[in-house]
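As a plain string of letters, each chain reads:
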Amino acid sequence: MISLPPENRRRGFTLVELLVTCAIVAALSAVGMMVGKSAITRGRIVHSTENLRNLAIANVNYAADYGVFCPADDQWNNRRWHGGRSSTGARFDPTRGFLSLYLGESRQVGRDPLLAALPAGTGSFEEGTGGYGYNAAYIGGRPGGSYDCTTRVRLSERAANLSDPARTVMFATTAYARAAGIQEYPYCEPPFWDFGGGPSGDRPSPSIHFRANGKALVAWCDGHVTAEPESATSTAANPHGGEASKWHLGWFGPEENNGWWNPRRDSADY
């Protein structure tokens with residue numbers, strides 16, 4: 001019988017070698033999944049940023065035509081910046097909003113893929129916003145909530161009254177907390193309610209959603225978009241059972257005189 005030299009004999013993997021190989025493959029797979037997930041998130045952030053930029057540009061164009069920014073809503077709450085409906089309780093048609101004619105061929109707000117990837121609360125009472133909220137307190141409206149006597153449309157802010165458009169909030173990624181998840185919400189509420197006499201000290205339910213890798217995407221009144229970190233949240237009771245902190249809802253930036261929401265924050269009137 002011919003005996004092969006030791007160097008020519010075939011040797012199988014030992015158990016240790018197999019275990020090491022499996023561990024390496026598993027680690028590489030995990031890294032690949034993390035890289036893939038990160039790339040998907042980055043892509044969603046880019047898409048959402050572009051949606052917000054388009055909203056800001058549309059509103060700037062609206063202001064160029066009318067001298068005021070797009071109104072947030074009408075007195076009956078049946079027509080808003082993002083859509084319209086036939087009656088209270090009906091679904092919003094996203095092509096019938098005050099801003100619709102400025103949103104391109106679709107005439108509706110683009111859907112935020114970051115929000116679409118999160119758990120949705122049941123029984124949503126808001127749809128058609130795309131996942132974005134308008135600064136209705138100071139841009140789509142004015143403190144105190146005045147409406148035109150004839151059209152019953154909310155009186156919005158004049159572009160000429162903004163001393164610092166690059167640091168005045170127009171739109172942001174928003175949501176509203178429900179017990180089982182989150183839903184769309186049409187307004188990016190300021191840190192404090194303002195009923196016409198300046199910030200009251202009472203907080204609304206927070207609606208700014210920090211879903212872009214822990215930051216909120218914000219479109220400013222000059223048209224640029226940034227990602228802002230959370231600076232405050234609220235533990236106030238939610239009538240729909242949602243927890244703001246659980247779903248990363250809060251505010252960003254300074255709070256004095258409602259910070260970057262309020263175009264008159266540096267005025268002597270405040």
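Residues numbered from 1 in each chain as written. Predicted model: local features only at pLDDT ≥ 70, side-chain atom pairs only at ≥ 80, totals over all residues. Heavy atoms only, no water.

**Q** For this particular structure, what's the right way to read the overall build of the protein?
**A** Secondary structure summary: the protein contains two helices and eight strands in total. Seen in sequence order, the protein has helices and strands lined up from the N terminus as α-α-β-β-β-β-β-β-β-β. Counting every position in the protein, which comprises 270 residues, the buried fraction comes to 43%. In the protein, the proportion of contacts linking residues at least 24 apart, taken out of those at least 6 apart, comes to 65%. Entry remark: accessible area of the protein is about 14,000 Å², with carbon and sulfur atoms responsible for 56%. (Helix = DSSP H or I, 4+ residues; strand = E, 2+ residues; numbered from the N terminus. Buried < 20%, exposed > 50% of the residue type's maximum accessible area, 1.4 Å probe, protein only. Contact = heavy atoms within 4.5 Å. Areas by Shrake-Rupley, 256 points an atom, 1.4 Å probe, with all protein chains shown as cover.)

**Q** What exactly am I supposed to notice about the pairing of strand 7 (residues 225-229) here?
**A** Remember that side chains alternate between the two faces of the sheet whenever the strand is regular. Bridging between strand 6 (residues 215-220) and strand 7 involves five bridges; their strand directions are antiparallel. Looking at strand 7, one finds that Ala219 is bridged to Val225. Connecting strand 6 to the antiparallel partner strand 7 that follows it, the hairpin turn spans four residues, and Gly223 within it adopts a positive phi of roughly 105 degrees. (Pairing = 2+ DSSP bridges.)

**Q** What is the right way to read the side chain of Ser234 from this model?
**A** Assignment of secondary structure puts Ser234 in the loop between strand 7 and strand 8 (249-250). The buried category is assigned to Ser234, whose relative accessible area is 10%. Ignoring anything within four residues of it in the chain, the contact list for Ser234 reads Arg203, Pro206, Ala244 and Trp251.

**Q** What is the right way to read the pattern of salt bridges from this model?
**A** A side chain of one charge can pair with a side chain of the opposite charge when the charged atoms of the two come close. For the structure shown, the criterion picks out nine salt bridges. A salt bridge links Arg80 to Glu126, with the nearest nitrogen and oxygen atoms 2.5 Å apart. Taken as a pair, Arg80 in the loop between helix 1 (15-66) and helix 2 (113-116) and Glu126 in the loop between helix 2 and strand 1 (132-134) lie far apart in primary sequence, 46 residues in all. A relative accessible area of 4% means that Arg80 is categorised as buried. Across the salt bridge formed by Arg203 and Glu255, the nearest N and O atoms sit 2.9 Å from each other. Here Glu255 lies in the segment after strand 8 and Arg203 lies in the loop between strand 4 (182-183) and strand 5 (208-209), a separation of 52 residues in the sequence. (Salt bridge = Lys/Arg side-chain N within 4 Å of Asp/Glu carboxyl O.)

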